[in-house]
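Okay, here's what each chain looks like letter by letter:
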Amino acid sequence: MIDFSLSDDLLELRDRVRAFVRDEVIPLERDPRQDAHGPSPELVSELQSRAAARGLLSPHVAPEYGGLGLDHRGRAVVFEEAGYSPLGSLALNVSAPDEGNAHLLEHVATEAQKERWLRPHAAGELRTCFAMTEPPPGAGSDPTLLRTTAVPDGDGWRIDGVKKWITGPVGAGVCIVMARTSPEGAERVEATMFLVPMDAPGIHVEEQLSTLDSQFVGGHARMRFDGVRVGADQVLGAFGEGFRYAQVRLAPARLTHCMRHLGGARRCHDIAAAYVRERTAFGRPLAKYEGVGFQLADNEMELRTCRLLVWHTAWLLDQGAEAGEASSQAKVVVSEAVWRIADRSVQLLGGLGVSDETVVARIFKDIRPFRIYDGPSEVHRWSLGRRIARRGGPVET
Ligand SMILES: Cc1cc2nc3c(=O)[nH]c(=O)nc-3n(C[C@H](O)[C@H](O)[C@H](O)COP(=O)(O)OP(=O)(O)OC[C@H]3O[C@@H](n4cnc5c(N)ncnc54)[C@H](O)[C@@H]3O)c2cc1C
């Protein structure tokens, strides 16, 4: 039986996060310590100190490493509340890519690696980044095109290659680098993940990229790995398991993006709904027009549908089920629905919707790239379609 009941402890935590976001995070949304590449480290540090003071920092990390140890359903509830502000996830230290990286570290890193990288991350002292994507003709939608290589060199390896669209390398302490470790021309491409300190010789952040969104610290960048030396203690988990670990990271990471963006979409809807209740045109409040009411109704129905899908997928993960396909479906449905909700909210707000007088335009811009990162919608549909085709069997009538 699917259990969607929320424990008293979780309800209490949800209410505390909601109050924290309302009282301490939203008032800082216009803080000048932010630019096109995201909030500054100083602003994030201030937000995280406030979250720590309320016992809300790093709810995703296991208690033995300093977090609150929430399961996936707990995360669904808390991350949606955090996502209600573009700064909320950073305040709680549950923003991408750190939150997904923490999950990966917790599941596959050695004890020594967890002590070195996970514990300080949970304390808000260290940021991480994850480098898989490359410029054409390298890895993108198709990760097997990986061109960054790690070749044996003395008692370790030497990493060479270029990565693009990497979130947050500026100011990060460590980068999880995905590199090809199968020999040139091998029949099957094999990859390995390495933990590389960002001050290692040979790592270059070549360019900070200008993108639509501005919610991640350090923005997005192109990086070059130029003969970066790594030893055996820097292999994350087991050698040659890079593609499998990418799935270990991505299945829950896609879902936590859904949780956070759901909070952002809810905020857009709340602001738009408040506006159309007050604003009058042609003799009555806008909300009384059918064309407006239908948009409000669509927003609420989609918010509810997304929440159910997220909770159901979180429940599957909590049962230890193989939830790759479910999280892929949830990612497509939610990324497209939250985009529609944000878009309708912009429309309902008229000129205000495209201005910076509300946070809606900012959330609208932050939500759009979600249909691309962690796998574009088309790739998820294509891969799902292939799996359905392979299943075969008679057509049910
Ligand atoms: C804001 C942002 C942050 C990111 N952060 C990171 C990060 O931290 N680390 C990291 O490694 N990567 C990151 N990425 C990269 C992201 O994962 C890739 O952009 C994504 O996998 C798509 O790869 P690509 O950009 O090379 O697009 P391409 O592979 O060139 O694909 C372009 C488009 O082609 C279409 N397409 C591709 N394959 C198919 C198919 N089989 N069927 C139909 N249509 C198809 C899709 O519409 C797709 O959007 C980030 C991207 C963005 C936008």
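Owing to the predicted nature of the structure, the values given are computational and were not obtained by experimental measurement.

Trainee: What's the story with the nonpolar core in this structure? I'm lost.
Mentor: Of all hydrophobic cores here, the largest spans 62 residues; its most connected members are Val310, Val334, Val338 and Ala342. Breaking this core down by element, the ones donating at least two residues are helix 1 (8–25), helix 2 (41–53), helix 3 (72–82), helix 4 (88–92), helix 7 (242–278), helix 8 (290–318), helix 9 (324–348) and helix 10 (360–367). Counting contributing residues per domain, this core is built from domain 1 (8–122) and domain 3 (243–391), each supplying no fewer than three. Alanine 342 has contacts with Ala265, Cys268, Ile363, Phe364 and Ile367, leaving out every residue within four places of it along the chain. One finds Leu105, Trp117, Ala139 and Met193 within the second-largest nonpolar core, a separate group that totals 38 residues.

Trainee: Quick question: what am I supposed to make of the site of the ligand here?
Mentor: In the vicinity of the ligand, 21 residues are found, and the nearest of them are Met132, Thr133, Gly140, Ser141 and Glu378. Counting only elements with at least two residues in the shell around the ligand, the list comes to strand 3 (128–131), strand 5 (156–167) and helix 11 (377–391). Formed jointly, the shell around the ligand draws a minimum of three residues from each of two domains, domain 2 (128–238) and domain 3 (243–391).

Trainee: Honestly, the domain arrangement of the protein in this entry has me stumped. Any pointers?
Mentor: One frequent convention defines the size of an interface as the accessible area lost when the parts assemble. Domain boundaries assigned for the protein yield domain 1 (8–122), domain 2 (128–238) and domain 3 (243–391). Once you take the C-alpha centre of each, domain 1 and domain 3 turn out to be 21 Å apart. With 21 residues of domain 1 at the interface, the matching set in domain 3 holds 25 residues. Contributions of two or more residues to the side of domain 1 that touches domain 3 are made by helix 3 and helix 5 (98–108). Considering every element that reaches the side of domain 1 that touches domain 3, the biggest residue donor is helix 3, with 8 residues. Class assignment of the residues belonging to the side of domain 1 that touches domain 3 gives a composition of 8 nonpolar, 6 polar and 7 charged.

Trainee: Would you explain helix 10 in this entry?
Mentor: Since the α-helix advances by 3.6 residues per turn, residues separated by three or four positions end up pointing in the same direction. Three or more residues of helix 10 are buried, namely Val360, Ile363, Phe364, Asp366 and Ile367. Axial view of helix 10: buried residues confined to an arc of 165°, hence all on one face.

Trainee: Would you take a moment to explain the pairing of strand 6 (residues 174–180) for this structure?
Mentor: A regular strand carries its side chains on alternate faces of the sheet. Of all 7 residues making up strand 6, 7 are buried, and the element is well covered by its neighbours. By the alternation rule, side chains of strand 6 split into Val174, Ile176, Met178 and Arg180 and Cys175, Val177 and Ala179, which are all buried. Where strand 3 and strand 6 come together, 4 bridges link them in parallel fashion. Each bridged residue has a counterpart across the sheet, and for phenylalanine 130 the counterpart in strand 6 is isoleucine 176. Bridge count for strand 6 against strand 7 (residues 191–197) is 7 bridges, and the pairing is antiparallel. Within strand 7, the residue paired with arginine 180 across the bridge is alanine 191.

Trainee: Sorry, what's going on with the environment of leucine 126 here?
Mentor: Examined against the element boundaries, leucine 126 turns out to sit in the loop between helix 6 (111–122) and strand 3. The partly exposed category is assigned to leucine 126, around which 17 C-beta atoms lie within 10 Å. As for leucine 126 and glycine 173, which are separated by 47 residues in sequence, their C-alpha atoms are 5.8 Å apart. In contact with leucine 126, not counting residues within four places along its chain, are Trp117, Pro120, His121 and Gly173.

Trainee: It is not clear to me how helix 3 should be interpreted in this structure. Could you clarify?
Mentor: Along helix 3, 11 of the 11 residues are buried, which leaves the element largely enclosed by surrounding structure. Residues His72, Arg73, Gly74, Arg75, Ala76, Val77, Val78, Phe79, Glu80, Glu81 and Ala82 constitute the buried set of helix 3. If you follow the buried residues of helix 3, they end up packed against helix 1, helix 4, helix 7 and helix 8.

Trainee: What is the right way to read the pairing of strand 9 (residues 220–231) from this model?
Mentor: Two elements, strand 5 and strand 9, share 10 bridges in a ladder whose sense is antiparallel. Looking at strand 9, one finds that arginine 158 is bridged to arginine 229. Bridging between strand 8 (residues 203–209) and strand 9 involves 6 bridges; their strand directions are antiparallel. Bridge assignment links valine 205 to a residue of strand 9, and that residue is methionine 223.

Trainee: Would you take a moment to explain the environment of leucine 87 for this structure?
Mentor: Within the secondary structure layout, leucine 87 lies in the loop between helix 3 and helix 4. On the basis of neighbour counts, which here come to 26 C-beta atoms within 10 Å, the residue leucine 87 falls in the buried class. Note: C-alpha distance between leucine 87 and proline 39 (48 residues apart in sequence) is 8.1 Å. In this structure, leucine 87 is in contact with Val25, Leu28, Glu29, Pro39 and Leu47, ignoring residues within four places of it in sequence.

Cut-offs applied
Residues numbered from 1 in each chain as written. Predicted model: local features only at pLDDT ≥ 70, side-chain atom pairs only at ≥ 80, totals over all residues. Core = buried A, V, L, I, M, F, W, Y, C linked by C-beta atoms within 7 Å. Buried ≥ 20, exposed ≤ 12 C-beta atoms within 10 Å, placed from the backbone. Helix = DSSP H or I, 4+ residues; strand = E, 2+ residues; numbered from the N terminus. Domains from an automatic or database assignment. Contact = placed C-beta atoms within 7 Å. Near = placed C-beta within 6 Å. Nonpolar A, V, L, I, M, F, W, Y, C, P; charged D, E, K, R; others polar. Arc of directions from axis to C-beta. Pairing = 2+ DSSP bridges.

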